[in-house]
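# A look at the structure
The residues making up each chain are set out below.
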Amino acid sequence: MSTFLDVMGPRIQLLTELSENRDYSIMKAEVPPGVIVPVHSHGDRETFVVLSGELEAFTEDSWKAVKAGDTIDIPGNVKHAWRNSSNEIVTLLVVSTVRMGEFFNEIGRPVDTVPPGPPAPDVLQHFVEVAIAYGYWLGTPDDNASIGISLG
């Protein structure tokens, strides 16, 4: 198994070997308290199973609480966001495409190398550049504000 990678707040551990398996990617994710994943979309389907804790998921047009035992399926190209308003780390199992696993490998940094606090401007720039190269849509500050997320 790989080490956990920080992917702009959430931490991802790839559980499938992407070079050997080209059909899907299984990952374990940890979402620390206070972490927000801004609104975005991509062509890759994602299925999340909450293993522990509770967080809020935005899909389509509303927020809903998801807790241990819940499954949420995000078809490709659906705008979605996450936020952990609790005081506990939320753990999820994530099933997606190999391409999504490769994206996380490209933007992720080993957790033990990431300094505390918000990401540095060069880290943010790298993330945006890679996301655009993959064809992912990233919501603007106004898009995020419209669903209750403040970026800044």
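Description of the structure in this document. (Residues numbered from 1 in each chain as written. Predicted model: local features only at pLDDT ≥ 70, side-chain atom pairs only at ≥ 80, totals over all residues. Heavy atoms only, no water.)

### Details of the pairing of strand β8 (residues 71-74)
For the record, the criterion: Here the term buried applies to any residue with accessible area under 20% of the maximum for its type, exposed to any over 50%, and partly exposed to those in between, with areas from a 1.4 Å probe on protein chains only. In DSSP terms, a helix is any run of H or I states spanning at least four residues, a strand is any run of E spanning at least two, and both are numbered starting from the N terminus. Pairing between strands is defined by DSSP: at least two bridges between the two strands are required.
The alternating pattern of β8 places I72 and I74 on a buried face and T71 and D73 on a face that is not buried. Looking at chain direction, strand β5 (residues 46-52) and β8 are connected through 4 bridges and run antiparallel. Paired with F48 across the two strands is I72, which belongs to β8.

### Re the nonpolar core
Note the cut-off: Remark: nonpolar core denotes a set of buried residues (Ala, Val, Leu, Ile, Met, Phe, Trp, Tyr, Cys) joined through side-chain atoms within 4.5 Å. The contact rule is simple, with two residues in contact once any of their heavy atoms fall within 4.5 Å.
Counting 31 residues, the largest nonpolar core has L55, W82, L92, F103 and F104 as its most contacted members. Of all the elements in the fold, those that place two or more residues in this core are β2 (11-14), β3 (25-31), β5, β6 (54-59), β8, β10 (90-96), α1 (98-107) and α2 (121-133). Top element by residues in this core is α1. It accounts for 5 residues. Setting aside anything within four residues of it in sequence, one finds F103 in contact with F127, V130, A131, Y134 and Y136. If you look at the next biggest cluster of nonpolar residues, it comprises 5 residues, including V39, F58, A81 and I147.

### Quick notes on the sheet that holds β2
Whenever strands of a sheet pair, they do so through backbone hydrogen bonds, lying parallel or antiparallel. What counts is decided by this rule: Helix axes are fitted only over the stretch in contact, all axes being lines through C-alpha atoms; the angle between N-to-C directions runs from 0 to 180 degrees.
With respect to topology, 7 strands assemble into an open sheet ordered β8-β5-β10-β3-β2-β1-β11, the strand pairing being antiparallel. Each edge of the sheet is formed by a strand with only one pairing partner; in this case those strands are β8 and β11 (109-110). Examined bridge by bridge, strand β1 (residues 5-6) and β2 share 2 bridges and lie antiparallel to one another. Residue L5 lies in a different strand from β2, and its bridge partner there is I12. Set on the sheet, α1 makes contact with β1, β2, β3, β5, β10 and β11; between it and β3 the angle comes to about 45°.

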